[in-house]
Amino acid sequence: MFDRLGCLVARRPWPVIGAWIGVAAVLVALSPGWGSVTDGHPTGFLPDSYESVRADALATRAFPEQSGSSALLVVKRRDGGVLSAADRAAVQRMVEQLKAARVERVVAVWTGPQQRAPDGRVQLVQATLRGLPRDDRVGGAVDELRARSDVLLRQTALVANVTGDAAILKDARESFPSADVIVAIATIVLIIVLLASIYHSPIAALLPIITIALVFATATSLIALLADTAGLEVGSEATSLLIVVLFGIGTNYILFFLLRYRERLRASPDAGAAVAFAIGRVGPVIASAALVSMAAFLALMLSRVATFRSLGPALTIVVGVMALAAITLVPAIVGLLRTRVFWPSSDWRHAQPDSISARLGQTIAHRPAPVALVSGGALVLLAAGALVFSADYDIAARLPDDSESARAFVELQRAFPAGTLSPTQVYIRGGSRDPRRLHDLAQSLRQTAGVAIVQATRTSPHGDVALITVVLRARPFSNQALATVQDVIRPIAHRAAVGDDVLVGGQTSALVDVREAINRDGRVIYPVAALMIALILGLLLRSVVAALYLLMAVVLGYLATLGTTVSVFQGVGGRPGLGVALPLIVYLLIVAMATGYNILMTARLREEVRAGAAPRRAAGRAVERTAPTIAAAAVILAATFASLALTGIGSLVELGFAVAIGAVVAVSAMAVLFVPSVAALIGRRSWWPGHHADIESRQQ
């Protein structure tokens, strides 16, 4: 199939290019635009069965003035001094004026003596906003509160900074657009520099940028069109990830083609024949790698977390479109440019001896067992760090230090218990609202070690629901706070209930449920993705043995990547944990990346075996001829994802480091060392049952 496709593209490059431009133009014209489907967050973040979701629904009905989102105005003197009587009066005037302004989505604004810091230097003003923190209109209300408070306090000695769950999430979201620009610019510059150093040609360096730009426009327009017509949800955080996935994996696919094209061109000056040959050889590799990546990303749709579910189809579409472009659009352009694609360099005419890969190939051919043992042992050693992985749910700690909500939270923690940022609510209904039961429950909560304040019990306007507000000592998004809610507050509250009459809500309770959902996702998505990958590899390679040891190598490479990341950030960096989504996203990305390299190496090894080489000799030749390609692709991929470190966003910095180090691990210890050495040890049995007889007959 790929041989016929190669001949078609080589003979008719202009129709292929025209078809791509035409399809892209139609999709761009029809789609509503990428920004229109990524402005918000996926709805239904967690299923309705979770306690925090049911508590939020009850709060919306029973306490509409306190349900939804919160914003905290942290007011202090500009000189840091104690608030005077005049200052306190100015704060009260600001509160009254904010009430009178009737800001959209702002349900209530209030303050009082109990919201003044013990040292008298900070006054809190609380605002309740209707809607979830991720809602765009809630974010707009935060903006208006900030703007109005600045104006109202301009002629005073006071300054107000706004934090709270709505403000924190808004600031986190607003950091992503600037991050997208940084990532895009850094990625493009890095790819141009690295490809120019490989080919010594500006045309070859710019070719991936131009083609990937067309692919990005096509893929994002297709995603936006599907989102608009079929209800596909895409979170605002997806853009940065799509950029690096597209440029990283896309450049790898293009590099696979260009290097094989250049290799064939040295043997024959016919550029058209070289294009057809290269598609015939690397087309199956690219298609196989893309299918594995798409299967892995589709497994995200099994997640209970809406953000993950929305990423799955988007990443699948991007990889699929990029793979199609790599075996049609790029070869068509190269076929038109012919040898000019490498202009002005003439290095392409002569193969540059790579003594390192040659010696490495000889070592694997003669001593595969020590190479497999050392490389596999190194992966196991690096994987040890994964045993102490800890998830960090504290979004406030991951904000850029210069964001307003982060600065305000620092001031709040100095003056009040950290849990003041986002209290936990205990809702009691039905028979459990007996005054004695409520008093006993409040007393039990006050005696809990992790609780700083238990506010007076309130009753809903209809009298059917009671509310006890609990302020924790720990930061409300920290693992310590999550443990307090899950292990102490919920059990105490549920023991006081008759039936299902008590629900624990609030942001900390929601994160407890998010943690449970993500842990469940790991138990489902990891094995499902692994099974899908094994089946695809087995069908593509027609070998059970090769599929199994390639899958083993990928899993080992992932664990080594996660272990190294944990060692650096939690061990050396002293962080309490890593981003909660990191293991799952890294798992899927490492699977996509490492499988592509492994398939490229395995395909070349099989090619050498079919040409008559003995298994060990074939492994040595495959390493000698493929290692430079894999190394170059891994360096580009690592540099692409490393650009995420420039964003300053904690979760993206960790992700960038993890995938960058994963590229190094995947190339140095797995695809170039572990996989070919294991294949050399197993010998012809590597191809059982599909190609075993075919290979033996060719070697007789």
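Small disclaimer: the values here were computed from a predicted structure and weren't measured.

## Concerning a nonpolar patch on the surface
Here comes step 1: Side chains of Val181, Ile185, Val189 and Val193 sit close together on the surface and give an oily, nonpolar patch of about 350 Å² of accessible area.
Here comes step 2: By secondary structure assignment, the location of valine 189 is in helix H7 (residues 165-199).

## So, the environment of alanine 160
Here comes step 1: Here alanine 160 shows up in strand E4 (residues 158-163).
Here comes step 2: Classification of alanine 160 as buried rests on a relative accessible area of 3%.
Here comes step 3: Sequence separation of alanine 160 and leucine 73 is 87 residues, and the distance between their C-alpha atoms is 5.9 Å.
Here comes step 4: Residues contacting alanine 160, with those up to four places away along its chain left out, are Val74, Val75, Ser149, Asp150, Leu153 and Glu404.

## A closer look at helix H14 (residues 368-383)
Here comes step 1: With 16 residues, H14 should cover 22 Å at 1.5 Å per step; its first-to-last C-alpha distance of 22 Å lies within 8% of that length.
Here comes step 2: Taken as a whole, H14 has its buried residues at Pro368, Val371, Ala372, Ser375, Gly376, Leu379 and Ala383. Around the axis of H14, the buried residues are gathered within 110° of arc, so they sit on the same side. Facing away from the buried side of H14 by more than 90 degrees, the exposed set consists of Leu373, Val374 and Leu381.
Here comes step 3: Of the surrounding secondary structure, the elements contacted by the buried residues of H14 are helix H13 (355-366), helix H19 (544-572), helix H21 (615-642) and helix H22 (650-682).

## Observations concerning the side chain of lysine 170
Here comes step 1: Inspection of the secondary structure assignment puts lysine 170 in helix H7.
Here comes step 2: Taking the relative accessible area as the measure of exposure, lysine 170 reaches 10% and is therefore buried.

## Observations regarding the pattern of salt bridges
Here comes step 1: Under the counting rule described, the total for this entry stands at 22 salt bridges.
Here comes step 2: For arginine 490, the salt bridge identified is with aspartate 513, shortest N-O distance 3.1 Å. Linking arginine 490 in helix H17 (residues 479-495) with aspartate 513 in helix H18 (residues 507-541), this pair joins segments that are 23 residues apart in sequence.
Here comes step 3: On the basis of relative accessible area, arginine 490 is assigned to the buried category, the value being 9%.
Here comes step 4: Exposure remark for aspartate 513: the relative accessible area of 1% places this residue in the buried category.
Here comes step 5: We note a salt bridge from glutamate 608 to arginine 625, for which the minimum N-O separation is 2.7 Å. Highlighted residues: glutamate 608 in helix H20 (residues 582-610) and arginine 625 in helix H21, separated in sequence by 17 residues.
Here comes step 6: In this structure arginine 625 comes out as partly exposed when scored by relative accessible area, which is 41%.

Definitions and limits used
- Residues numbered from 1 in each chain as written.
- Predicted model: local features only at pLDDT ≥ 70, side-chain atom pairs only at ≥ 80, totals over all residues.
- Heavy atoms only, no water.
- Patch = residues over 30% accessible without salt bridge, like charges linked within 9 Å, V, L, I, M, F, W, Y side chains within 5 Å.
- Areas by Shrake-Rupley, 256 points an atom, 1.4 Å probe, with all protein chains shown as cover.
- Salt bridge = Lys/Arg side-chain N within 4 Å of Asp/Glu carboxyl O.
- Helix = DSSP H or I, 4+ residues; strand = E, 2+ residues; numbered from the N terminus.
- Buried < 20%, exposed > 50% of the residue type's maximum accessible area, 1.4 Å probe, protein only.
- Contact = heavy atoms within 4.5 Å.
- Expected span 1.5 Å × (residues − 1).
- Arc of directions from axis to C-beta.

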